[in-house]
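Observations on the three-dimensional arrangement
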Amino acid sequence: MSIKNVEIPYGAYWSTPFTKWQGALQHLHSMKFAAHVAKGELAKRNIDPLIFDSGVLGMTINQYQSFNGAPWPLYDIGAVNTPGHAVNQVCATGARGLFAAASEIVCGMANVSLLMTADRCSNGPHIYYPNAKGPTGSSEDQVTYNMMNDCVGGHSMMQTGENVAQRFDISREELDAVTYRRYEQYQDALKDDHAFQKRFMTLPFSVPTANFKKEDTVITGDEGVFPTTPEGLAKLKPIKEGGVITYGNQTHPADGNASVILCRSEEASSLSKNAYIKIEVLGFGQARDDLAYMPAAPIEAAKRALAVAGVGIKQMNAIKTHNPFAVNDVALAKAMDLDVMKMNNYGCSLIWGHPQGPTGLRAVIELIEELAMTGGGYGLFTGCAAGDTGMAIVIKVSDR
């Protein structure tokens with residue numbers, strides 16, 4: 001049965017621009033930065049942080065003193081007595097965080113919860129693991145090593161994309177065509193001085209110094225989006241000889257944060273920018289595919305989320321995906337009989353980048369705004385994650 005009595009108040013969410021590896025946000029502590037942004041965004045909405053009786057932090061890359069998880073950024077925003085916890089499902093952390101916050105509301109543990117998702121792929125930690133029985137040990141660069149070395153199979157994440165491309169008989173030409181279409185869709189979000197993005201993003205964006213006392217620089221939007229043409233994509237060589245994935249039809253690591261407020265239905269109107277717009281969270285799904293087939297996992301996750309929500313794929317008015325590879329979208333479209341060119345309007349992680357924790361949450365925020373602009377209806381988000389897992393969410397936007 002579908003989830004009942006869990007809503008996202010309209011406008012009670014935000015995202016920073018996402019910036020490239022070693023870009024404008026590379027010097028900022030992820031948790032402190034998320035709290036810094038949340039404090040300002042809550043003030044703009046006249047929302048008292050004391051209203052939160054629970055909080056969730058979605059973060060995947062260790063930061064200095066991140067041991068405590070959610071209580072630290074909650075305290076920093078003024079929610080000094082609000083309990084909370086941290087979740088990590090790598091690329092699906094945004095979806096997992098929404099599930100965690102919604103579950104607490106369903107169980108009666110919370111009335112209003114703040115989900116903050118934050119990550120910084122830049123300057124990822126180098127972790128040393130001591131050997132208890134000798135002077136030696138082992139170490140890893142948390143971000144780059146794990147992207148290139150699966151803990152079970154030893155393969156790279158890129159190899160999972162190649163495997164799924166073979167499973168679904170996906171050609172290089174299909175991937176490049178979808179990549180260029182995604183770039184075109186992203187351009188729609190930039191029209192009229194970033195009108196779509198300004199529905200949930202403060203632009204221009206003031207980047208603070210590392211101590212959050214001064215302004216370091218100002219950015220006008222996402223940083224690191226690559227100019228894309230069909231001719232440029234066609235010139236790129238596959239990363240793996242004989243493969244179909246290039247540096248053009250996959251995403252890039254990024255930095256940023258995004259947050260969403262979830263609540264019981266009776267609390268939504270007072271927290272909403274427009275109380276007449278209703279955003280319901282109807283269902284979640286999770287799945288795991290075969291070893292080294294990560295981009296295929298969202299297919300089954302989507303089917304399960306739709307079943308929980310009690311709706312069919314053809315009832316979806318908009319679909320957003322976390323697509324680290326264009327393979328993700330083509331495989332989903334083939335498996336579920338969708339028009340791949342109509343998914344991911346206004347942007348997606350293939351184009352604006354992948355800071356891991358907040359990636360999926362920004363996509364859900366964009367999904368909400370797309371539905372609000374086009375008259376409402378059902379929306380589906382899917383995303384894969386390391387470990388060949390996937391998560392999906394079904395929401396509904398309607399008049400109250």
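Details of the structure are given in the entry above.
A few points on the structure. (Residues numbered from 1 in each chain as written. Predicted model: local features only at pLDDT ≥ 70, side-chain atom pairs only at ≥ 80, totals over all residues. Heavy atoms only, no water.)

1. Description of the overall build of the protein
- Assigned secondary structure in the protein consists of 12 helices and 14 strands.
- Here the C-alpha radius of gyration of the protein, 20 Å, is about what a compact globule of 400 residues would show, namely 21 Å.
- Taken across its 400 residues, the protein has 58% of its residues classed as buried.
- Long-range contacts, defined as pairs at least 24 residues apart, comprise 78% of the intrachain contacts of the protein with a sequence gap of at least 6.
- Surface summary for the protein: the accessible area is close to 16400 Å², and the carbon and sulfur share equals 52%.
- Taking the average location of the 34 positive side-chain charges in the protein and that of its 40 negative ones, the two points are 2 Å from each other. (Helix = DSSP H or I, 4+ residues; strand = E, 2+ residues; numbered from the N terminus. Rg over C-alpha atoms; globule rule 2.2 N^0.38 Å. Buried < 20%, exposed > 50% of the residue type's maximum accessible area, 1.4 Å probe, protein only. Contact = heavy atoms within 4.5 Å. Areas by Shrake-Rupley, 256 points an atom, 1.4 Å probe, with all protein chains shown as cover. Lys, Arg positive; Asp, Glu negative; His and termini not counted. Charge placed at Lys NZ, Arg CZ, Asp CG, Glu CD.)

2. Section: the nonpolar core
- Grouped together as the largest cluster of nonpolar side chains are 120 residues, with contacts concentrated most on Tyr13, Ile77, Leu98, Ile261, Leu262, Met316 and Val394.
- Non-local contacts of Met316, meaning those with residues more than four positions away in its chain, are made with Leu306, Val311, Tyr378, Gly379, Leu380 and Val394. (Core = buried A, V, L, I, M, F, W, Y, C linked by side-chain atoms within 4.5 Å.)

3. Topic: the pairing of strand 4 (residues 84-87)
- The sheet contact formed by strand 3 (residues 54-58) and strand 4 spans four bridges and is parallel. Counted as the bridge partner of Leu57 is Ala86 from strand 4.
- Since strand 3 and strand 4 lie parallel, the crossover through helix 2 (residues 71-77) that links them has a hand, and here it is right-handed. (Pairing = 2+ DSSP bridges. Right-handed = clockwise from strand over helix to strand, strands pointing away.)

4. Structural notes on the pattern of salt bridges
- All told, the structure shown has 19 salt bridges when counted by the stated rule.
- Linking Lys334 and Glu174 is a salt bridge whose minimum nitrogen-to-oxygen distance equals 3.3 Å. Separated by 160 residues along the polypeptide, Lys334 in helix 10 (residues 326-336) and Glu174 in helix 6 (residues 172-194) bring together distant segments of the chain.
- You can call Lys334 partly exposed: its relative accessible area is 38%.
- A relative accessible area of 27% places Glu174 in the partly exposed class. (Salt bridge = Lys/Arg side-chain N within 4 Å of Asp/Glu carboxyl O.)

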